[in-house]
Amino acid sequence: MFQNVIVRRPCRAMVEGITSCPELGKPDYELALQQHDAYIAALRQCGVQVTVLEADERYPDSCFVEDPAVITRKCAIITNPGAASRNGEKDEIVGAVRKFFPEDKIEYITAPGTLEGGDVMMVGDHFYVGRSARTNAEGIRQFLAILEKHGLTGSEVTLEKVLHLKTGVNYLENGKMLVSGEFVAKPEFARYERIEIPEAEAYAANCIWVNGTVIVPMGYPAVEAAVRAAGYPVLLVDTSEYRKLDGGLSCLSLRF
Ligand code: GLY
């Protein structure tokens, strides 16, 4: 169960955030704020305490708080984001993390290692880490050593196409995971009950489990139906403005 969630309000500069899909247009900032409000409300409905950090105009992508930190049951890990324009976000998340973890339970990924939390998927005490354009071999080496130090385990997953691991695969607890594209046939995930996402709704592979409920992006009826059929209550949240920046439900929070 999660007790806490950390989010950061999107900043006006979000319209300049990194994107692989400029054809979707720039985010509408006012609509993004409304969607963020709805996201926070959905999280609260799932019974978590939400810490809302102030917008940080220096970092257009800073609402995607999942990337500069990874929080486990035993420790918090401040990452070293691989995107240059996002790297400084790590220095801004640490203050919030210190409210929940003493210094000896806060670890750091350091250069030349890079790692972003969007590449980390927690399955109990095991952590899958995607090797991506943002997370390199040295970052993964450091991350696995930190996990081991705290009695946790991890393993590497190679990505071929997607930005982050959780762009295409997300664990819904109870042995079930949502998989799309390159993750449908990955041997690493063969032991799980895989709920396959139709290609047309691939974006919605990025759902989050929060205390028994699954939050699903609004507008993806096949994924919504599949999650309901798997036995989960569903809350829908519109993330259209975050999708324009390759962002989704998991990117917008740290859940622990
Ligand atoms: N726009 C989110 C990211 O590229 O990290």
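The text that follows walks through the structure, step by step, so that each part is easy to find. Every value quoted in this text rests on a predicted model; they were computed, and no experiment measured them.

**Focus: the pattern of salt bridges**
Pairing is possible between side chains of opposite charge, provided their charged atoms come close.
Here is step 1 of the chain: Considering all chains together, one arrives at 18 salt bridges under this definition.
Here is step 2 of the chain: One salt bridge in this structure joins glutamate 30 and arginine 12, with 3.9 Å as the shortest N-O distance. Of this pair, glutamate 30 sits in helix H1 (residues 29–45) while arginine 12 is found in the loop between strand E1 (4–8) and H1, placing the two residues 18 residues apart along the sequence.
Here is step 3 of the chain: Take arginine 12: its relative accessible area is 53%, and that puts it in the exposed class.
Here is step 4 of the chain: One salt bridge connects glutamate 156 with arginine 131, and the closest N-O pair in it is separated by 3.3 Å. Taken together, the residues span a long stretch of sequence, with glutamate 156 in strand E8 (residues 153–158) and arginine 131 in strand E7 (residues 126–131) at a distance of 25 residues.
Here is step 5 of the chain: Judged by its relative accessible area of 33%, glutamate 156 falls in the partly exposed class.
Here is step 6 of the chain: Judged by relative accessible area, arginine 131 falls into the partly exposed class, the value being 39%.

**Topic: the site of the ligand**
Here is step 1 of the chain: Lining the immediate environment of the ligand, one finds Ile18, Asp61, Phe64, Arg86, Arg134, Leu163 and Leu245.
Here is step 2 of the chain: Between a nitrogen atom of the ligand and a main-chain N or O atom of isoleucine 18, the distance comes to 2.8 Å.
Here is step 3 of the chain: Arginine 86 is positioned with one of its side-chain polar atoms (N or O) 2.7 Å from an oxygen atom of the ligand.

**Side note on H1**
Here is step 1 of the chain: Across its 17 residues, H1 extends 24 Å between first and last C-alpha, which sits within 8% of the 24 Å expected from 1.5 Å per residue.
Here is step 2 of the chain: Where H1 is concerned, the buried positions are Tyr29, Ala32, Leu33, Gln35, His36, Tyr39, Ile40, Ala42 and Leu43.
Here is step 3 of the chain: The N-cap residue of H1 is aspartate 28: its side-chain oxygen and the backbone nitrogen of glutamate 30 are 3.1 Å apart.
Here is step 4 of the chain: Phi turns positive, to about 90°, at glycine 47, one or two residues after H1.

**Here we look at the packing of aromatic side chains**
Here is step 1 of the chain: Scanning all chains against the criterion turns up 11 aromatic pairs.
Here is step 2 of the chain: With a centroid separation of 5.0 Å and an interplanar angle of 85°, the aromatic rings of phenylalanine 100 and phenylalanine 256 are classed as edge-to-face. Taken together, the residues span a long stretch of sequence, with phenylalanine 100 in the loop between helix H2 (89–98) and strand E5 (106–108) and phenylalanine 256 in the segment after strand E15 (254–255) at a distance of 156 residues.
Here is step 3 of the chain: Aromatic pair phenylalanine 101 and phenylalanine 256: ring centres 6.3 Å apart, planes at 45°, arrangement tilted. Taken as a pair, phenylalanine 101 in the loop between H2 and E5 and phenylalanine 256 in the segment after E15 lie far apart in primary sequence, 155 residues in all.

**Some points on the pairing of E8**
Here is step 1 of the chain: As paired strands, E7 and E8 are joined by 6 bridges and run parallel to one another. Looking at E8, one finds that tyrosine 128 is bridged to serine 155.
Here is step 2 of the chain: The parallel pair E7 and E8, bridged by helix H3 (residues 137–149), forms a crossover whose chirality is right-handed.

Calculation notes
- Per chain, residues are indexed from 1 in the order of the written sequence.
- With pLDDT at 70 or above as the cut-off, local features in this predicted model cover only qualifying residues; side-chain atom pairs require 80 or more to be listed or tallied, and sums for whole chains, interfaces and linings still use all residues.
- To obtain the side-chain values, all non-hydrogen atoms of the structure were included, while hydrogens and water were left out.
- Take a side-chain nitrogen of Lys or Arg and a carboxyl oxygen of Asp or Glu: if they are within 4 Å of each other, that pair is a salt bridge.
- To qualify as a helix, a DSSP run of H or I must reach at least 4 residues; to qualify as a strand, a run of E must reach at least 2; elements of each kind are numbered from the N terminus.
- Burial classes follow relative accessibility: with a 1.4 Å probe on protein chains only, a residue under 20% of its type's maximum area counts as buried, one over 50% as exposed, and anything between as partly exposed.
- A cutoff of 4 Å decides nearness: a residue is near a molecule or strand if any of its heavy atoms lies inside that distance of it.
- Side-chain atoms alone can form a polar contact between residues adjacent in sequence; in general such a contact is a pair of N or O atoms within 3.5 Å, and within protein one must be able to donate a hydrogen while the other accepts it.
- One fewer than the residue count of a helix, multiplied by 1.5 Å, yields its expected span.
- Whether two aromatic rings pair depends on their centres lying within 6.5 Å, for rings of Phe, Tyr and Trp, where Trp uses its six-membered ring; planes under 30 degrees apart make the pair stacked, over 60 edge-to-face, and the rest tilted.
- For two strands to pair, DSSP has to find at least two bridges joining them.
- With the strands aimed away from the viewer, a crossover counts as right-handed if its path from the first strand over the helix to the second runs clockwise.

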